[in-house]
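Summary of the model geometry
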Amino acid sequence: MLTDVGMYRLRQVRAELGGKVRIALHGTNGFKPEMMKKCIAEGVSKVNVNRVVLDGYSAHLKSSAGKVPLTKLMEQGVEEVVRQTIEWMEVCGSAGKT
């Protein structure tokens, strides 16, 4: 989790790079939407949220396996991934952009 010190370092990196290089953010598991927005405001332009998005899918599989037909289980899991993806795209300000 980024602290005030981490945000200070992020600002330093951004200033040193001078816009020549894009900043990617890894390890976002557990980040709240507000923290993600702060990082983007400080210059992060690529955010990896793979696990954040897939955690809901995994939880769905664990809780529903054997209770619904396999095709329904997978369909519901994909719907959860889509829902999470849309949510994080909105948080990151990339929803509706091409």
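Scoring rules and cut-offs
Residues numbered from 1 in each chain as written. Predicted model: local features only at pLDDT ≥ 70, side-chain atom pairs only at ≥ 80, totals over all residues. Heavy atoms only, no water. 1 Å grid on protein atoms, 1.4 Å probe; cavity = no way out; pocket = protein on both sides within 12 Å on 5 of 7 lines; lining within 4 Å. Points joined across faces, edges and corners; volume = space filled by probe spheres on them. Helix = DSSP H or I, 4+ residues; strand = E, 2+ residues; numbered from the N terminus. Nonpolar A, V, L, I, M, F, W, Y, C, P; charged D, E, K, R; others polar. Core = buried A, V, L, I, M, F, W, Y, C linked by side-chain atoms within 4.5 Å. Buried < 20%, exposed > 50% of the residue type's maximum accessible area, 1.4 Å probe, protein only. Contact = heavy atoms within 4.5 Å. Expected span 1.5 Å × (residues − 1). Arc of directions from axis to C-beta. Patch = residues over 30% accessible without salt bridge, like charges linked within 9 Å, V, L, I, M, F, W, Y side chains within 5 Å. Areas by Shrake-Rupley, 256 points an atom, 1.4 Å probe, with all protein chains shown as cover. Salt bridge = Lys/Arg side-chain N within 4 Å of Asp/Glu carboxyl O. Disulfide = S-S within 2.5 Å. pLDDT = per-residue confidence, 0-100.

Describing the layout of surface pockets
By volume, the largest pocket amounts to about 210 Å³. Within the residue set of the lining of the largest pocket, elements represented by two or more residues are β2 (44-47) and α4 (70-92). Partitioning the lining of the largest pocket into residue classes produces 8 nonpolar, 4 polar and 2 charged.

Notes on the nonpolar core
Within the largest apolar cluster, 14 residues are counted, with the highest numbers of intra-cluster contacts made by Leu 10, Leu 25, Phe 31, Met 36, Cys 39, Val 44 and Trp 88. Every element with two or more residues in this core is listed here: α1 (4-17), β1 (23-25), α2 (33-41), α3 (50-64) and α4. Of all the elements, α2 adds the most residues to this core, at 3 residues. Val 44 has contacts with Leu 10, Ile 23, Leu 25 and Cys 39, leaving out every residue within four places of it along the chain.

A short note on α1
Its 14 residues place the ends of α1 20 Å apart at the C-alpha level, agreeing with the 20 Å of an ideal helix rising 1.5 Å per residue. Those residues of α1 that fall on the buried side of the exposure criterion are Gly 6, Met 7 and Leu 10. Here the buried residues of α1 occupy an arc of 100 degrees about the axis, which is enough to place them on one side. Residues of α1 that are exposed and point more than 90 degrees away from the buried face comprise Asp 4, Arg 9, Ala 15 and Glu 16. For α1, the elements touching its buried residues are β1, α2 and β2.

A closer look at a nonpolar patch on the surface
Together, Val 78, Val 82 and Ile 86 line one region of the surface with nonpolar side chains, adding up to about 240 Å² of accessible area. Here Val 82 is to be found in helix α4. What makes Val 82 partly exposed here is its relative accessible area of 43%.

Details of the state of the cysteines
For the structure shown, the criterion picks out 0 disulfides. Cys 92 provides the cysteine sulfur closest to Cys 39, a residue in no disulfide bond, and the two sulfurs are 9.5 Å apart. With a relative accessible area of 0%, Cys 39 lands in the buried category.

Considerations on the confidence of the model for the protein
Summing up the model confidence of the protein, the mean pLDDT is 89 and the portion of residues at 70 or higher is 98%. Within the protein, no element has a lower average pLDDT than α1, which sits at 87, and none a higher one than α4, at 94.

Focus on the environment of Met 35
By secondary structure assignment, the location of Met 35 is in helix α2. With relative accessibility at 15%, the residue Met 35 sits in the buried group. Sequence spacing of Met 35 and Thr 3 is 32 residues, and the spatial spacing of their C-alpha atoms is 9.5 Å.

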